[in-house]
Amino acid sequence: MFSNVIYSNEYLELIEEEEQYYVRVFDKGYNLNDFNNIMLQYPRINLSCFSALTSAIALASGEIIKVGIKKPLVELSVSKDRLKGYVTINMTREEFNSRDKSELVEIVMQAIQHSNIVYGIDVHDIVNIIQPLKKIQIAEGVLPTRGKDAEIKLYKIEEVRPQMIENEAVNHYELNLINKVEKDAWLGERIEPKQGVPGKTVWGEIIPAQPGRQMTLEYDKKTIIEKYDPKEDKTTLHAKRTGAVIYQNNIIGVCNCLEIDGNVSFKTGNIDFDGFVDIKNSIEDNFIVKADHDIQVMGDMGVGSVDTIESRDGSIYIRGGIAGKNKAKLICNGDLYTKFASECTIICDGTVNIGSYAYNCNIKAKEVKLESYKSRIIGGNIEASIKVQAGEIGNRTESYTKITVTGFERNKIKEEYDIIVLTIKKVKDKIALLKQKLSIYSAAKLNDSQKIDVNKMNEEFDYYKNSLKKLYNKQKRYVSYLHAKGEGEVKVTNCLYPNVSINIKSCTTHCNKLLNMPTTFYVLNQELIKV
């Protein structure tokens, strides 16, 4: 026993016996680091008792001490995540070169067959890449694939873009302000999240897949109902009643919509409604129409000397124009759209959009825009906070026309815009973090505490997602403000006639001669600039 000495020198001898390795150190002074050279000559040594080796070298007692065990000729190993399997040939280069490669491959195959590695085995190129003492990948597991997230599609309210259609056959100012739907109409859908595809380790263990993330359908349960179709695995939203589609705080609903199939007249009386008002023809003189939301008057002839048209929390659209006879008054919290405006008063918290002309009107708004090259502002008093734009201002008869832009503090608007941009970034980062946190939870059953955490995170996720939409809308408005030149702008795209007074902030100019070219006035650093 202990007679198979495979290596010796003046200090020690190395013994192999029954798949185990021993040392006998009989003289002090041996350098422990030199033992690495011995292991290079005998790569099958697994130095499992390193402390015993260091003690034996230090004491040099001459006793036979176990220091390791014999590695297999073909050694299999698996990565910590159990997704990769490797093979190592434990032999020196000389031994490797002297062995038949097909024989070594056969040994490798037998080792794999007797191991726990059962999945993802690929030894197709092993004969070409096999090397001694080199870890060679021979198997690879599969990571689980997370299920597809729920997809939500909702009724889309298109951005209001007025279009002036004017030729021999047609003379209309077209847009659609009220998105009317019938009862049971489709308002949205959610394709439900899909289950993921499980993964598998090289040991054949199933790795559970995370299902796709569920998304909350935000809708007004009083006016909308949801229906689930198991065949299509889809939930759809439908209107409980006829009305107008509206988003309030990014929650879709169907608001009351009063439809007048003709004129507002003695037959209908004055209107004061808690929703939308859709008038198919016109409003007769001296009548009042008020509503909480949008009002649209769709008749070709527009309106005349009505008393008041007021939208408390929406916009107004007069398709045919306004011939107010110095009596009509239109008030809205949103924007106003009309083909033309004549001898009327308009008070608007948003933008007044006029297709053709404004004649002897008193208008007060954030912006007043007549974007057509042929559009005209003649007479009256136009007041805006940000910008006034028209093709022509004044006329050949030199009607006195007053344009006032009260102006804004650009630096303040820019600071507020920068805060919006920064907030958008923070909200997006928060959404990304919540997505990451939610992805931690696997498809396995959640305990009660985890369910509470997931529900809270889902609510938080929806809150930030809705906040992001609001911020984007606010950012859009501020971009429009910042596009105005200086700190208040008057833009004439065609010509400016005499007897037009332009006041921007504290600066005033009076036009005394015809300017038959595009001209822009704006104030910068308390100075009126004309370009």
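Residues numbered from 1 in each chain as written. Predicted model: local features only at pLDDT ≥ 70, side-chain atom pairs only at ≥ 80, totals over all residues. Heavy atoms only, no water.

Q: Explain the overall build of the protein chain residue by residue, including any values.
A: Within the protein chain, the secondary structure is distributed over seven helices and 42 strands. At 41 Å, the protein chain has a C-alpha radius of gyration far larger than the 24 Å of a compact globule built from 531 residues. Once the C-alpha set of the protein chain is aligned to its principal axes, its extents read approximately 125 × 60 × 45 Å. Residues classed as buried in the protein chain amount to 43% of the 531 residues present. Restricting the contact set of the protein chain to residue pairs at least 6 apart, pairs at least 24 apart contribute 43%. Accessible surface computed for the protein chain: about 28300 Å², of which carbon and sulfur atoms make up 48%. Averaging the coordinates of the 72 positive side-chain charges in the protein chain and doing the same for the 71 negative ones gives two points 4 Å apart. (Helix = DSSP H or I, 4+ residues; strand = E, 2+ residues; numbered from the N terminus. Rg over C-alpha atoms; globule rule 2.2 N^0.38 Å. Buried < 20%, exposed > 50% of the residue type's maximum accessible area, 1.4 Å probe, protein only. Contact = heavy atoms within 4.5 Å. Areas by Shrake-Rupley, 256 points an atom, 1.4 Å probe, with all protein chains shown as cover. Lys, Arg positive; Asp, Glu negative; His and termini not counted. Charge placed at Lys NZ, Arg CZ, Asp CG, Glu CD.)

Q: Account for the sheet that holds strand 19 (residues 251–255), naming residues and giving values.
A: Pairing between the strands of a sheet comes from backbone hydrogen bonds, and it takes one of two forms, parallel or antiparallel. The strand order 12-18-19 describes an open sheet built from three strands, whose pairing is antiparallel. Either end of the sheet is taken by a strand with one partner, and the two such strands are strand 12 (180–181) and strand 19. The pairing of strand 18 (residues 243–248) with strand 19 spans five bridges and is classified as antiparallel. In the sheet register, Ala 244 faces strand 19, and the bridge partner there is Cys 255. (Pairing = 2+ DSSP bridges.)

Q: How would you sum up unusual backbone geometry? Please name residues and give values.
A: Of note in the backbone geometry, Leu 133 takes a positive phi value of approximately 60° without being a glycine. Looking at the secondary structure, you find Leu 133 in the loop between helix 5 (126–129) and strand 8 (136–140). What makes Leu 133 partly exposed here is its relative accessible area of 46%. One non-glycine residue, Asn 525, lies in the positive phi region at around 55°. The residue Asn 525 is located in the loop between strand 41 (519–524) and strand 42 (527–530) in this model.

Q: Which residues make up the packing of helix 6 (residues 410–438) against helix 7 (residues 448–483), and what values do they have?
A: A packed helix pair is summarised by two numbers, namely the angle formed by the two axes and the spacing between the axes. Between helix 6 and helix 7, the least distance of the axes is 9 Å, while the angle of their chain directions is 155°. The pairing of helix 6 with helix 7 is recorded here as roughly antiparallel in orientation. Crossing geometry of helix 6 relative to helix 7 is assigned as left-handed. For the contact of helix 6 with helix 7, the per-class residue count stands at 20 nonpolar, three polar and 10 charged. (Axes fitted to C-alpha atoms, helices over the stretch in contact; angles between N-to-C directions. Parallel < 35°, antiparallel > 145°, perpendicular 65-115°, else oblique. Left-handed = near helix turned anticlockwise from the far one by under 90°. Nonpolar A, V, L, I, M, F, W, Y, C, P; charged D, E, K, R; others polar.)

Q: Tell me about the sheet that holds strand 7 (residues 84–89), and please be specific about residues and values.
A: As summarised here, the arrangement of the three strands in space is 6-7-8, forming an open sheet in which the pairing is antiparallel. Two strands close off the open sheet at either side, each with one partner strand: strand 6 (74–78) and strand 8. Sheet twist, expressed as the mean angle between neighbouring strand axes with direction ignored, is 25°. By the bridge criterion, five bridges tie strand 6 to strand 7 in an arrangement that is antiparallel. Residue pairing for strand 7: Val 78 is matched across the bridge by Gly 85. On top of the sheet, helix 4 (residues 101–113) reaches strand 6, strand 7 and strand 8; it is set at about 45° to strand 6, its chief contact.

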